[in-house]
Amino acid sequence: MFKQCSEYLVSGDCMKYSRIFIVISPTAIVPRDPVRGIASTTHRLDVILRSAIAALSQGNNIRRDVLFIGYASKSDTVIELRGNELEKIPSSEIELLHLILKRSKGIKVYTSSLLELKNYLETLCGSIIYLREDGELVNKVNLRSLPKPLCLFLGAHVDIEPRQEKILELDKAIKISLGKVSYMTYQCIIIINRLLDRLL
């Protein structure tokens, strides 16, 4: 299971964030150059980009206490957006992709296996939460009492694959649900952000 963030109090990045969103896409790739038609040419990287915007936007401001990590499985690529370092968060996926390809401040892009990503997250996460429709209703989970930062895993336009769940040890995560309504990934993030804003 993931180690608690308290073990890294001295120098760990975990102390910079109250919440970390991790979106795993089994299909997406990260292109080397700008593209037209992000959804089709990148096999739905647009879902990760839209989710990043939802995670890091707070009106016209940037959520400084949020770290967003998107994993594009088909190219084994991690996109990491650090709210405490970003200079801007655009409202469109195309503009965000341009910033990612330019490696703008607060954005890291690197190749990583899913196991390497899991090992990295071990140094960051205080609590592991997995959003699933069959999870426990979120209003029955005492999120305020959980060790911070909260690491929240979500699938993209399709669920996280079982083999990926196994690598990430998500069977040990706290599974929560937003109810019977099915939401898009970015909508789930908006709801969770607003909920945590009230609780934390």
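Data block above holds the structure.
Below, the structure is looked at part by part. (Residues numbered from 1 in each chain as written. Predicted model: local features only at pLDDT ≥ 70, side-chain atom pairs only at ≥ 80, totals over all residues. Heavy atoms only, no water.)

**Describing helix 6 (residues 185-199)**
And step 1. Spanning 15 residues, helix 6 covers 21 Å between terminal C-alpha atoms, matching the ideal 21 Å at 1.5 Å per step.
And step 2. What helix 6 keeps buried is the set Thr185, Cys188, Ile189, Ile192, Asn193, Leu195 and Leu196.
And step 3. Among the structural elements, strand 1 (19-25), helix 2 (45-56), strand 4 (66-72), strand 7 (127-137), strand 8 (150-155) and strand 9 (174-177) are those in contact with the buried residues of helix 6. (Helix = DSSP H or I, 4+ residues; strand = E, 2+ residues; numbered from the N terminus. Expected span 1.5 Å × (residues − 1). Buried < 20%, exposed > 50% of the residue type's maximum accessible area, 1.4 Å probe, protein only. Contact = heavy atoms within 4.5 Å.)

**Topic: the state of the cysteines**
And step 1. Applying the stated rule across the entire model yields 1 disulfide.
And step 2. Residue Cys125 pairs covalently with Cys151 via a disulfide, S to S 2.1 Å. Note on the Cys125 and Cys151 pair: the S-S dihedral is about -90°, so by sign convention the disulfide is left-handed. Linking Cys125 in the loop between helix 4 (114-122) and strand 7 with Cys151 in strand 8, this pair joins segments that are 26 residues apart in sequence. An identical accessibility class is assigned to Cys125 and Cys151; each is buried.
And step 3. Its sulfur unpaired, Cys188 is 17 Å from the next cysteine sulfur, which belongs to Cys151. (Disulfide = S-S within 2.5 Å.)

**Examining the packing of helix 2 against helix 3 (residues 93-101)**
Helices that pack against each other are described as a pair by the angle of their axes relative to one another and the distance between those axes.
And step 1. Relative to each other, helix 2 and helix 3 sit at 90°, their axes nearing to 9 Å. Comparing their axes, helix 3 and helix 2 come out roughly perpendicular. Contact residues: helix 2 offers Leu45, Asp46, Leu49, Arg50, Ala52 and Ile53, while helix 3 offers Glu93, Leu96, Leu97 and Ile100.
And step 2. Taken together, the residues that form the contact of helix 2 with helix 3 break down as 7 nonpolar, no polar and 3 charged. (Axes fitted to C-alpha atoms, helices over the stretch in contact; angles between N-to-C directions. Parallel < 35°, antiparallel > 145°, perpendicular 65-115°, else oblique. Nonpolar A, V, L, I, M, F, W, Y, C, P; charged D, E, K, R; others polar.)

**What to know about the nonpolar core**
As a rule of thumb, soluble globular proteins bury nonpolar side chains together.
And step 1. In terms of nonpolar packing, the biggest core is built from 45 residues, with Phe21, Leu45, Phe68 and Leu81 touching the most fellow members.
And step 2. Considering every element that reaches this core, the biggest residue donor is helix 2, with 9 residues.
And step 3. Apart from the residues lying within four places of it in its own chain, the contact partners of Phe68 are Phe21, Val23, Ile48, Ser51, Ala52, Ala55, Leu56, Ile79, Glu80, Leu81 and Ile189.
And step 4. Formed by 21 residues, the second largest nonpolar core is a distinct cluster that contains Ile69, Leu114, Leu124 and Phe153. (Core = buried A, V, L, I, M, F, W, Y, C linked by side-chain atoms within 4.5 Å.)

**Some words on the side chain of Asp46**
And step 1. Examined against the element boundaries, Asp46 turns out to sit in helix 2.
And step 2. The class of Asp46 is buried, set by a relative accessible area of 4%.
And step 3. There is a polar contact of 2.9 Å between the side chain of Asp46 and the side chain of Arg44. (Polar contact = N/O pair within 3.5 Å; in protein donor to acceptor, adjacent residues only side chain to side chain.)

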